[in-house]
Amino acid sequence: MKEKKRILYLLDRYINEQYSDEERDELFEYMNSGQHDHIISDHILKSLNKDSVPGNNLDEVRSEEIMEQILLNAGKQKTLLHRIAAKPSIRHMIIATAIAASIIIAFLLLSPHFITGNKKLQEVASLQKNSKQAVNDTKYEMSIQLQDGSRVILQPGAMLTYPNRFVGTKREVQLYGDAFFDIAKNPGKPFLVYHGNLVTKVLGTSFNIKDKKNSQDAEVEVVTGKVEVYENPDIIDRKKTRNNGVIITPNQKVIYVEEKNLFSTTLVDNPVPVITEVEGKDLTPAEIRMRNFHFDKATIAEIIQLLHNAYGIEIEMENEGIANCQFSGDISEFDLFSKLDMLCQAVGIDYSVKGTRILLRGNGCKH
């Protein structure tokens, strides 16, 4: 009880701009711990229940712009903000309180990448009107079906802004947090996901987008198809941009480091087979895992060709003699890296991941 009273005291001191530097730092430590969200959210709701705060007379378009800006910069407390903002009855109060530089600003200041101005509002101009917001404030995944047949699975704490109906030449959505996308094919209308500083562009594919913990960095992992990931030119200063972006294919991922405007590509942690059908017949997951990996004196050259066909990953040999080595055994039930571990151990070689490729090393075998 003493701790709760202390938090409320500090909140009121901050709102009334009567705080010392020590009190401000103490308040931010409470907020940053994530252990007092219920206390803070209750106080926000009570504080917002005031008719006297400025901003209630804003027009709808400007209100939406400010609301997008608040949510965009929510940083470490985005889950809490999204949960509160999802209630239409108090959205204008959040806006008003933000304009008054009161408690919501404290949340925004917690983010190490707090951005002023409205540059990021240019990200998804098509979503300023007639859009929906889905906020996953549960502990479970949330599935969303879009108008074009695409499916999005939001992870806990994530938020998706999307239109009621896709119009024009592009399909655009905006994501906060982590999500899986399974995009309906439409070559004439590319699908764009705006996520922080990044844009992920696809025609028809499935992929994951993930926030890196405790930073503004991000990852995009491709499951099927091909995607282009690049920095949003409406946000990033072109003088600071090292490159425009990358194109990645199944079982590849790109890691984006915002501080350095840097993209690096590598393999996903657990590559999965990309062959899902044979002669027009869909394969079950068990059939995919068990297919073509039972060998009797097969050469490494033959085996890595089968692995390449199954996983779509380039596997190279440092020494031509490696191709002559032979392997017998059934490795069907193992994941890719376990398969490679068993192959290498059996013939006395090693492997390493080099970007989006795998390199086999060793002396090899004689003919």
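All figures in this text were calculated on a predicted structure; none of them were measured in a lab. Position numbers for residues start from 1 in each chain and track the written sequence from start to end. At least 70 in pLDDT is required for a residue's local features to be given in this predicted model, at least 80 for side-chain atom pairs to be given and counted, and no such filter applies to totals for whole chains, interfaces and linings, which use all residues. As a rule here, side-chain values cover all heavy atoms of the structure and leave hydrogens and water aside.

A. How the structure looks around the overall build of the protein. Put simply, DSSP marks the helices as runs of H or I at least four residues long and the strands as runs of E at least two long, and each gets a number from the N terminus on. Helices and strands together make up the secondary structure of the protein, namely 10 helices and 21 strands. A buried classification covers 44% of the 367 residues belonging to the protein. When the accessible area of the protein is evaluated, it comes to approximately 19,400 Å², of which 46% is carbon and sulfur surface. Burial status follows relative accessibility: with a 1.4 Å probe on protein chains alone, a residue under 20% of its type maximum counts as buried, one over 50% as exposed, and anything between as partly exposed. The accessible surface values rely on the Shrake-Rupley method and a 1.4 Å probe; as for residues, cover is taken only from the protein chains in view.

B. Molecular detail of the packing of aromatic side chains. Stacked, tilted and edge-to-face pairs are distinguished by plane angle, under 30 degrees for stacked and over 60 for edge-to-face with tilted covering the rest, among Phe, Tyr and Trp rings (Trp via its six-membered ring) whose centres lie within 6.5 Å. In the structure shown here, the tally under the stated rule is seven aromatic pairs. Arranged with centres 5.0 Å apart and planes meeting at 45°, the rings of Tyr256 and Phe263 form a pair that is tilted. Taking the centre distance of 6.3 Å and the plane angle of 0° together, the rings of Phe337 and Tyr351 count as stacked. In this pair, Phe337 is assigned in helix 10 (residues 336–347) and Tyr351 in strand 20 (residues 350–354), connecting sequence segments 14 residues apart. Taking the relative accessible area as the measure of exposure, Phe337 reaches 18% and is therefore buried. Relative accessible area serves as the criterion here: at 17%, Tyr351 is assigned to the buried category.

C. The arrangement of helix 9 (residues 300–311) in detail. For helix 9, spanning 12 residues, the distance from its first C-alpha to its last is 16 Å, which sits close to the expected 16 Å at 1.5 Å a residue. Buried residues of helix 9: Ile300, Ile303, Ile304, Leu307, Ala310 and Tyr311, and no others. Looking straight down helix 9, one finds its buried side chains confined to an arc of 120°; they lie on one side. Should any heavy atoms of two residues lie within 4.5 Å, those residues are considered in contact. Elements in contact with the buried residues of helix 9: strand 17 (294–299), strand 18 (314–317), strand 19 (326–330), helix 10 and strand 21 (357–361). Positioned one or two residues after helix 9, Gly312 has a phi angle of 70°, which is positive. How far a helix is expected to stretch is found by multiplying one less than its residue total by 1.5 Å. Directions are taken from the helix axis to each C-beta atom, and the arc is the one they span.

D. The arrangement of the sheet that holds strand 21 in detail. Within the open sheet, the three strands sit side by side as 18-21-20. Their pairing is mixed. Edge positions in the sheet fall to strand 18 and strand 20, since each of these pairs with one other strand and no more. Neighbour-to-neighbour, the strand axes of the sheet open up by a mean angle of 25°, direction not taken into account. Where strand 20 lies against strand 21, five bridges are found, and the strand directions are antiparallel. Along strand 21, the bridge assignment pairs Val353 with Ile358. Helix axes use the C-alpha atoms of the stretch in contact, all axes being lines fitted to C-alpha atoms, and the angles between their N-to-C directions lie in the range 0 to 180 degrees. The sheet strands contacting helix 9 are strand 18 and strand 21, and the helix crosses strand 18 at an angle near 160°. Any two strands with at least two DSSP bridges between them are considered paired.

E. Broad picture of helix 10. For helix 10, spanning 12 residues, the distance from its first C-alpha to its last is 17 Å, which sits close to the expected 16 Å at 1.5 Å a residue. Polar contacts, as used here, are pairs of N or O atoms within 3.5 Å; protein pairs need one atom able to donate a hydrogen and one able to accept it. Residues neighboring in sequence count only if both atoms are side-chain atoms. In this structure Asp335 caps helix 10, since a side-chain oxygen of it lies 3.3 Å from the backbone nitrogen of Phe337. Following helix 10 by one or two positions, Gly348 has its phi on the positive side, about 75°.

F. Quick look at the state of the cysteines. When the sulfur atoms of two cysteines come within 2.5 Å, that pair is taken as a disulfide. All told, the structure shown has one disulfide when counted by the stated rule. The closest cysteine sulfur to the non-disulfide-bonded Cys344 is located on Cys325, 9.8 Å from its own sulfur.

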